[in-house]
Amino acid sequence: MLTLLSMFYYICLRRRSRSGTRGEALTSRRAVESGQRAVLPVSVEVKQYAKEVLDFSSHYGSENSMSYTMWNLAGVPNVYPSSGDFTQTAVFRAYGTWWEQCASAPLPFRRTPKDFYSQDYVELGFEEPVYPTAVEVFETYYPGAIVQIMACSHNPLSQNPPTDVRWEVLWSGEPTKALTPQARQFSPKIKHINFPTNLLRLEVNSSLQDYFTELDAVILRGVKERPMLALYKMPLIDISDPSDSEEELSEIGGSFRQEGDSKHHRAGNGYFDKLPYELIQLILSHLTLPDLCCLAQTCKLLHQHCCDPLQYTQLSLQPYWARLSDASLGHLQSRCTLLQRLNLSWTGNRGALTLTGFSSFMRACGSSLVCLEMSCCHFLNEGCLEVISQTCPTLKELNLSSCDRLPSQAFTHISKLTLLRRLVLYRTKIEQTAVLSILTFCTEMRHLNLGSCLRIDDYDVVSSMIAARCRSMRSLDLWRCRNLTDRGLTELVSGCRMLEELDLGWCPTLQSSTGCFQQLARCLPRLRKLILTANRTVSDSDIEELASCCPSLQHLDILGTRLVSAASLKKLLQSCPRLVLLDVSFCSQIDTRVVQELSSLFPKVAIKKSFTQ
């Protein structure tokens, strides 16, 4: 039995040779063969808070303030052990399933693994690289959204460019919903890794939460000396997971490429020979990408089916962001000639993808592309956008959310994509000239997100252009635009009367006294979602006008207003039978008692009122 175990460990070590040097693997093998447990060296545990927030997918706050931003995760706790809604915490942009149910939300991708839950992420840098022994996350409001904690081999504080970047999962789990929104210190049992790290990544899924999850601080505990136990235990991590190998996509893709020209013979495949081609294709369509790659190696018949471009009309590579490289795209290239929808979000960072690899793939596979998701792709540069504009003539959806390292001049190439209907530019450096050019040529635009685009000088001019050129606009996100006035808003709603979603949250220059919100209600009878967050001037007359003119209203956020009473809210709830979400947090006239009364009268409506302790 001991000999069999030794052989098994040795095979695992060979398969995971990248987890350590040959000498380390042989040392750990000898430890197993001798039946002795390696002894952890005596080392002082280091406790450190995050020094720097390196990257994140979204946040509730603004780029030029600290309230509700991811940057609040750096340093010691600001709020913990208190519970509640505090501006000094880190908050992601969305929660629940409300945003997924909107018309502006993209369709889900097929083949997404069932255990891929991540919707947002934040990456944190620490002062000293350590071998992690524990990770502690201070959650101060609606905990339970964290679904994965990862560690990276790259030192973000080093001046050297990243090479051979590796990510290892320390812990993963399903999204949960805590029994209460009270603060907690989340410290799951983590796996041991065999490299030191000072870069952690937290991934979250807030779909089960009743309100925004708020994070306060993160502690990384670890030792500076390598634990000997890791030398032979680490190769066993996720050994049964076929997608856990970095070479999975590239090596299997290579076998596809080498055998792709071989002639298929139907004889000798058993009952598979009797099944219709279309039925086998349907069965294979339910497999994830790594499983499809593994199946292709079993026989020539299934190899042919797994190589069929019809299996790759939709391709989401986001779940494999940590392992995707130029080689991966190169090996997938021959199978994606009919590709229509591609999700590359979160991929390619720290040198994993280059302009050369991306350009080669797009030139081979971009001609039929209609949807391209590329949020948080920091490898993108002007050359990449130029390639997209040249190779994707039929593109209708483009998501560049949080591509905040793209230079401003790069966005001018988007105007060449004249069939665009959905464009997401949240947290990008796009400037007004590029926006106006896009609106001039992309007149089919239906969904546009310009949230937190701080380099746009005059949103009134942009709104006027939208009203003139994109009269079929369905949704518009102007979250935290800093200079939209009543003039621009009036022009917008007068020209785009088919608007169903409008986000004007944290737009401080809009004033209810000008009548702009009442004009909005009268001009937009199809309105289903309206965000007026943090506009202190929203009044009863505005709410009553919405009740009279917008019977299809489903989502309304008036957080922070001081002038809305319970009577006008009751009228709104009576007049808008489709309303399912109403946020009245920090509305001074709406206390907890009023919320309870309205909730009892309208139980189908989720009425939100946050609190501070």
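Residues numbered from 1 in each chain as written. Predicted model: local features only at pLDDT ≥ 70, side-chain atom pairs only at ≥ 80, totals over all residues. Heavy atoms only, no water.

- The name that an unreviewed UniProt entry assigns to the protein is F-box and leucine-rich repeat protein 4, with the source organism given as Nothobranchius furzeri.

1. Side note on the environment of leucine 527
Move 1: Of note, leucine 527 is situated in the loop between helix H14 (516-523) and strand E18 (529-531).
Move 2: Using a relative accessible area of 0% as the deciding quantity, one classes leucine 527 as buried.
Move 3: Taking the C-alpha atoms as reference points, leucine 527 and serine 552, 25 residues apart in sequence, are found 6.3 Å from one another.
Move 4: Those residues in contact with leucine 527 that sit more than four places away from it in its chain are Leu499, Glu500, Glu501, Leu502, Leu520, Leu546, Cys550, Ser552 and Leu553. (Helix = DSSP H or I, 4+ residues; strand = E, 2+ residues; numbered from the N terminus. Buried < 20%, exposed > 50% of the residue type's maximum accessible area, 1.4 Å probe, protein only. Contact = heavy atoms within 4.5 Å.)

2. Some points on the layout of surface pockets
Move 1: Roughly 1,500 Å³ of internal volume is contained in the largest pocket.
Move 2: Taken together, 50 residues line the largest pocket, and the ones lying closest to its centre are Trp99, Glu100, Pro106, Gln119 and Asn399.
Move 3: At the level of secondary structure, the elements contributing two or more residues to the lining of the largest pocket comprise strand E14 (422-424), strand E15 (447-449), strand E16 (475-477) and strand E17 (501-503).
Move 4: Of the residues assigned to the lining of the largest pocket, the class counts are 21 nonpolar, 20 polar and nine charged. (1 Å grid on protein atoms, 1.4 Å probe; cavity = no way out; pocket = protein on both sides within 12 Å on 5 of 7 lines; lining within 4 Å. Points joined across faces, edges and corners; volume = space filled by probe spheres on them. Nonpolar A, V, L, I, M, F, W, Y, C, P; charged D, E, K, R; others polar.)

3. Quick notes on the packing of H14 against helix H15 (residues 540-549)
Move 1: Two elements in contact, H14 and H15, have axes separated by 8 Å at closest approach and are oriented at 5°. With respect to their mutual orientation, H14 and H15 come out roughly parallel. Between H14 and H15, the contacting residues are Phe517, Gln518, Ala521 and Arg522 on the first element and Ser541, Asp542, Glu545, Leu546 and Cys549 on the second.
Move 2: Taken together, the residues that form the contact of H14 with H15 break down as four nonpolar, two polar and three charged. (Axes fitted to C-alpha atoms, helices over the stretch in contact; angles between N-to-C directions. Parallel < 35°, antiparallel > 145°, perpendicular 65-115°, else oblique.)

4. Topic: empty space enclosed by the protein
Move 1: Scanning the model with the defined rule gives four cavities of 30 Å³ or more in all.
Move 2: Reported here for the largest cavity is a volume of approximately 160 Å³.
Move 3: Considering the residues around the largest cavity, the lining is formed by 17 residues, among which Tyr95, Trp99, Ile531, Asp557 and Leu581 are closest to the centre.
Move 4: Here the element with the most residues in the lining of the largest cavity is strand E19 (residues 555-557); it accounts for three residues.
Move 5: Here the residues of the lining of the largest cavity sort into 10 nonpolar, two polar and five charged.

5. Things to note about the sheet that holds strand E21 (residues 606-608)
Move 1: Sheet architecture is open: 12 strands sit in the order E10-E11-E12-E13-E14-E15-E16-E17-E18-E19-E20-E21, paired in parallel fashion. At either end of the open sheet lies a strand with only one pairing partner, and these are strand E10 (314-316) and E21. Pairs of neighbouring strands in the sheet enclose a mean axial angle of 5°, with direction left out of account. (Pairing = 2+ DSSP bridges.)

6. Things to note about helix H11 (residues 432-441)
Think of an α-helix as turning once every 3.6 residues; residues three or four places apart then point the same way.
Move 1: Among the residues making up H11, those that are buried are Gln432, Ala434, Val435, Leu436, Ile438 and Leu439.
Move 2: Buried residues belonging to H11 abut E14, E15 and helix H12 (459-469).

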